[in-house]
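Each chain, written out:
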Amino acid sequence: MTNRRPLRAKLATSVSRGAAALSRATGRGDGSVIGGRLGLIIDPDLLAHLAADRQIALISGTNGKTTTTRLTTAAVGVLGPVATNSYGANMPTGHTSALAKAGDTPYAVLEVDEHYLPQVMAATGPKVIALLNLSRDQLDRAKEVAMMAQLWREALHDQPVHLVANADDPMVVWAASVGAEVTWVAAGQRWHDDSWVCPECGGAIVRSGEPDLAAGGAPDTDWYCTGCPLRRPAPQWTLDGHAVVAPDGSRHVVTLQLPGRVNRANAATALAVAAQFGVRPADALPRLAEVASIAGRYAQVERDGRAIRLLLAKNPAGWLEAFDMADQAPTLLSINARDPDGLDTSWLFDVDFAPLTGRQVLITGDRAYDLAVRLEVNEVPFQHVTTFAQAVAAVPPGRLEVIANYTAFQDIRAELDRVN
Amino acid sequence: MSTESHLRIVWVYPDLLSTYGDRGNLLILARRADLRGLPVEAIEVRSDQPVPVEADIYLLGGGEDGPQALAAQRLIADGGLHKAVERQAVVFAVCAGYQLLGASFYAKGQQCTGLELLDLRSDRGPSRAVGELAGEVDPALGVPALTGFENHGGRTHLGSGVRPLATVTAGIGNDGRTEGAWSGRLLGTYSHGPALSRNPALADLLLRWATGRDDLEALDDTWTNRLRGERLAALRTG
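Fair warning: this is a prediction, and the values are worked out from it, not measured in the lab. (Residues numbered from 1 in each chain as written. Chains lettered and ligands numbered in written order. Predicted model: local features only at pLDDT ≥ 70, side-chain atom pairs only at ≥ 80, totals over all residues.)

## Let's talk about the overall build of chain B
Piece 1. In terms of helices and strands, chain B carries six helices and eleven strands.
Piece 2. Here chain B has a C-alpha radius of gyration of 16 Å; the compact-globule value for 238 residues is 18 Å, and the two agree.
Piece 3. Counting only C-alpha atoms and orienting by the principal axes, one finds that chain B spans roughly 50 × 45 × 30 Å.
Piece 4. Pairs at least 24 residues apart make up 71% of the contacts formed inside chain B by residues separated by at least 6 positions. (Helix = DSSP H or I, 4+ residues; strand = E, 2+ residues; numbered from the N terminus. Rg over C-alpha atoms; globule rule 2.2 N^0.38 Å. Contact = placed C-beta atoms within 7 Å.)

## Topic: the overall build of chain A
Piece 1. From N to C terminus, chain A includes 14 helices and 17 strands.
Piece 2. Since a compact globule built from 420 residues should have a radius of gyration of about 22 Å, the 21 Å found for chain A is in line with a globular shape.
Piece 3. For chain A, the spread of C-alpha atoms along the three principal axes comes to 65 × 55 × 40 Å.
Piece 4. Sorting the 420 residues of chain A into buried and exposed places 52% on the buried side.
Piece 5. Here the analysis covers contacts within chain A between residues at least 6 apart in sequence; of these, 69% occur between residues at least 24 apart. (Buried ≥ 20, exposed ≤ 12 C-beta atoms within 10 Å, placed from the backbone.)

## Notes on the domain arrangement of chain A
Residues and elements named next belong to chain A.
Piece 1. By domain assignment, chain A separates into domain 1 (46-288) and domain 2 (300-419).
Piece 2. Placing the centre of domain 1 and that of domain 2 at their C-alpha centroids yields a distance of 27 Å.
Piece 3. Contacts between the two partners involve 17 residues from domain 1, matched on the other side by 14 residues from domain 2.
Piece 4. For the side of domain 1 that touches domain 2, the class distribution of residues is four nonpolar, six polar and seven charged. (Domains from an automatic or database assignment. Nonpolar A, V, L, I, M, F, W, Y, C, P; charged D, E, K, R; others polar.)

## Observations concerning the sheet that holds strand S11 (residues 251-253) of chain A
As a general point, the strands of a sheet are linked pairwise by backbone hydrogen bonds and lie either parallel or antiparallel.
Residue and element names in this part refer to chain A.
Piece 1. Here three strands make up an open sheet; going across it, the order is S9-S10-S11 and the pairing antiparallel. Every interior strand has two partners, whereas the edge strands, strand S9 (238-240) and S11, have only one. Each neighbouring strand pair of the sheet contributes to a mean axis angle of 30°, computed without reference to strand direction. (Pairing = 2+ DSSP bridges. Axes fitted to C-alpha atoms, helices over the stretch in contact; angles between N-to-C directions.)

## Quick word on unusual backbone geometry
Piece 1. Phi at A:Tyr298 takes a positive value of approximately 70°, unusual for a residue other than glycine.
Piece 2. A residue is classified by how many C-beta atoms lie within 10 Å of it, and A:Tyr298, with 21 of them, is buried.
Piece 3. In this structure, B:Lys108 is a non-glycine residue whose phi angle is positive, near 50°.
Piece 4. Residue position: B:Lys108 is located in the loop between strand S5 (104-107) and strand S6 (110-113).
Piece 5. Overall, B:Lys108 belongs to the exposed group, with 10 C-beta atoms counted inside 10 Å.

## What about the interface of chain A and chain B?
Piece 1. Counting residues at the interface gives 23 residues for chain A and 30 residues for chain B.
Piece 2. For the side of chain A that touches chain B, the residue count by class is 13 nonpolar, two polar and eight charged.

## Overview of the pairing of strand S15 (residues 361-364) of chain A
Residues and elements named next belong to chain A.
Piece 1. Bridge count between strand S14 (residues 331-334) and S15: four bridges; the pairing is parallel. Across the sheet, Thr331 pairs through a bridge with Val361, a residue of S15.
Piece 2. As defined by bridge partners, S15 adjoins strand S16 (residues 383-384) across two bridges and the pair is classed as parallel. When the bridges of S16 are listed, Ile363 appears paired with His384.
Piece 3. As for the winding sense of the linkage, the β-α-β connection from S15 through helix H12 (residues 368-377) to S16 is right-handed. (Right-handed = clockwise from strand over helix to strand, strands pointing away.)

## Considerations on the sheet that holds S15(A)
All names here are of chain A.
Piece 1. Here we have six strands laid out as an open sheet, ordered S12-S13-S17-S14-S15-S16, and mixed in their pairing. A single partner strand is all that each edge strand has here, and the edge strands are strand S12 (300-303) and S16.
Piece 2. In this sheet, strand S17 (residues 398-404) lies alongside strand S13 (residues 306-312) in parallel orientation, the contact comprising seven bridges. Counted as the bridge partner of Ala307 is Arg399 from S17.

Following this line, the structure appears as structure tokens:
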């Protein structure tokens, strides 16, 4: 298929790969962005050219897209080689780099930043798009939630693409309901604070019963708008404890190395996407079970007798999921507010830290004082540490859970890589 | 003035006006009252419910354009907040909630009618104001420097019936010179979200206004003062 690409696209692909290799070799980056950037300068349509002969799935949403992309890649991998942007470089330059680097593959599964979904959809002509959830995330620079849903809704209207969408998120349902074909997944929604008001009519959205947090946000909670017909669609894929129930009623027990109900929901979405490619759940499940960590997330590291597990949580909805995933064990929280994190720490007050009550809690990071003030108001006792080594020394041997936002997570990974 | 046994704090329309950590102001006021032995009744009033007239403190948070316009319409139609203000209730409003207390504001490209509780009006500025916000607070309020984070596209013009909350030392606030406004027991600021988390003296001012008690004992604000020191120092070093 390379032979059918225009000469300019071939040159651009070659430069893109060369730059990525150079970036890695010089230690300046992992090559996941720079190659794509150069390639797109030479051939602005490079992404479209690279996508042309592949069957593609796009995965987007506020939370869980890196994990779901990894799981979907594993599932579609049953059929043959799959190109993917596994470093989480989820904008067009990253997609271009990933496809150029992968060479000819019949399939691609790409994580897409939610703001770029319309653009990447237009460039790649995907077969399937998975829409996971929408919630507040770095509002100092990101679109507000209702505007994001509106952007998706306009882009998805009557498009010839199959949508796999979360029936439990009213914003996602509103955006996806204009699609030509939709498969609904009961993927759950633990975070409700961005969808109390109907995006269609401004009416109140009512949920039947309080979410049962212990059960993981009550995946079967029904919801409906009091002012217009918008309501939870009947899902074709559901979760039943540790099993995924497929549209034909077959139950498939999901065994994952990744923790938490939210990752079983991500697996359900991955299976629903893979099914559109013709993959049977029974064939995909063994591959999902092999996924151990994703760009360091969920990675477990031994140090000084402590079994340290790293959880990334970037926004309020992500923190709620992290508390569910974490064991009842000493927990280190680390917060930065550098550019990739968003400069505003106000969201800390959207998170209820009460689930940490009873655990030994340590805090660190550039913005540890913001955490301190928040935890004090939450009446969760804590201890401030200034280095990761101090944190390790402060807890007994055994499990240490680490929950951190983006650059704080990278800092701790670097620290662990340096020692181990 | 609270004559009942409980200090009643109403969070107005969290379904519309709660973008980023606005719950923090409710939590902080409740905790600081509780630590002084003042029992608190926290009431969250959704936009399809009437605003109670008899409470002591009313909190309004930030919001997107659409919800902001809707909140103003519903508050005007409801009338409860106006009656509460006539009863000398305390109102603390941030960002979109602050704008809608004025005569008019802009949302979705249109001028919208505000509640006319504060003598001010808001329009669109040339750029979005995003970043740290700091200022010297009106000496009449007896509160140390304001520190916060702002994220808004509006500019607010104060009339003669209000005083600026602060003069800006960093950020934009109302217009790059003044920040926020107050009049009587109504106070508004562009320091968004959990504004009181960095400004405990402001929280205590609201509690004094609401209870009439000038003898609120000092609290251990060690962590808050470290946070304030860090944020104000970060502005000095750029």
